[in-house]
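Coordinate inspection notes
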Amino acid sequence: MFSTVDNQTRDRARAIFACEQMGLIPPHELPDFATELLVLGHDSPSLRELAGLPKGDRSDAAELWETVRGELGIPREADEAAPRFLLKHWAREITEGRLDVLQGSRLMLRVGWFPPGQPKELNLLWKLLDDWDEIPRLRDQIASELLVFARELLRKDS
C-alpha cells in the first residue's frame, strides 16, 4: 500500500483518501488530489487518467477514484477509524507547523465533532473555536490554547 514512502507522505495520502471517504472532497476536486498523489510518488494508470481530467469534464472522477483506490491497494477506513485518523493527522500537522492552527482546528472539529456524536474529548476544541468567533481580542491566547489542545490530543493517543 504505502510501504515505499516516508511517514509524512504516507499520512498525507491516507488523509486524502479518508477525507474523500468522509465526503470532504467533492468529486470535481478529485483530479486535483490525484495530481497531488502523483507528486507524492503514487502511480497507477487510473491515477494518471484521473489527474488528467480537464476542469470542464470531471463526470467520471468518482468512478475513477474507486478504481485508483483498488489499483493502489488502499482499503476504505472503518467508519470510526477515518475521523480518528484525521484528528491525529491534523493535530500532528498543526504541532509540526505545516498547518495553520485555526484552519487545522476547524478541520478537526468538522470531522471529529458531529460524525462520532460530539465526543467529550473535543468539548474544549468546540469552546475554543466558539470563543475565537465571539471574543476577537483574545485570538492570540486562543490560538495558543488550540496549539496546546492539538499537542494534548497527540499525547493522549500515543
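Before going into details, it helps to say that this report is about the structure given with it. (Residues numbered from 1 in each chain as written. Predicted model: local features only at pLDDT ≥ 70, side-chain atom pairs only at ≥ 80, totals over all residues. Heavy atoms only, no water.)

The next subject is the packing of helix H5 (residues 81-95) against helix H8 (residues 139-156). Two numbers describe how H5 lies on H8: the axes approach to 9 Å, and their chain directions differ by 125°. In terms of their interaxial angle, H5 and H8 are classed as oblique. Along this stretch, H5 crosses H8, giving a crossing that reads as left-handed. Counted together, Arg84, Leu87, Lys88, Ala91, Arg92, Ile94 and Thr95 of H5 and Leu147, Ala150, Arg151, Leu153 and Leu154 of H8 form the full contact between these two elements. The class makeup of the residues in the contact of H5 with H8 is 7 nonpolar, 1 polar and 4 charged. (Axes fitted to C-alpha atoms, helices over the stretch in contact; angles between N-to-C directions. Helix = DSSP H or I, 4+ residues; strand = E, 2+ residues; numbered from the N terminus. Parallel < 35°, antiparallel > 145°, perpendicular 65-115°, else oblique. Left-handed = near helix turned anticlockwise from the far one by under 90°. Contact = heavy atoms within 4.5 Å. Nonpolar A, V, L, I, M, F, W, Y, C, P; charged D, E, K, R; others polar.)

With that settled, consider the packing of aromatic side chains. This structure, assessed with the given rule, holds 2 aromatic pairs. Centre to centre, the rings of Trp113 and Trp126 are 5.0 Å apart; their planes meet at 15°, and the pair counts as stacked. On the criterion of sequence distance, the pair formed by Trp113 in the loop between helix H6 (101-112) and helix H7 (123-134) and Trp126 in helix H7 is long-range, its members being 13 residues apart. On the basis of relative accessible area, Trp113 is assigned to the buried category, the value being 7%. Take Trp126: its relative accessible area is 40%, and that puts it in the partly exposed class. (Phe/Tyr/Trp six-rings, centres within 6.5 Å; stacked < 30°, edge-to-face > 60°. Buried < 20%, exposed > 50% of the residue type's maximum accessible area, 1.4 Å probe, protein only.)

As a further point, take H6. Residues spaced three or four apart along an α-helix face the same direction, because each turn holds 3.6 residues. In this model H6 runs 16 Å from its N-terminal to its C-terminal C-alpha over 12 residues, within 8% of the 16 Å that 1.5 Å per residue would give. Taken together, the buried positions of H6 are occupied by Val101, Leu102, Gly104, Ser105, Met108, Leu109, Val111 and Gly112. Where H6 is buried, its residues contact H5, H7 and H8. Among the residues of H6, the N-terminal cap falls to Asp100, whose side-chain oxygen and the backbone nitrogen of Leu102 are separated by 3.1 Å. (Expected span 1.5 Å × (residues − 1). Polar contact = N/O pair within 3.5 Å; in protein donor to acceptor, adjacent residues only side chain to side chain.)

All quantities given are derived from atomic positions and should not be read as evidence of function.
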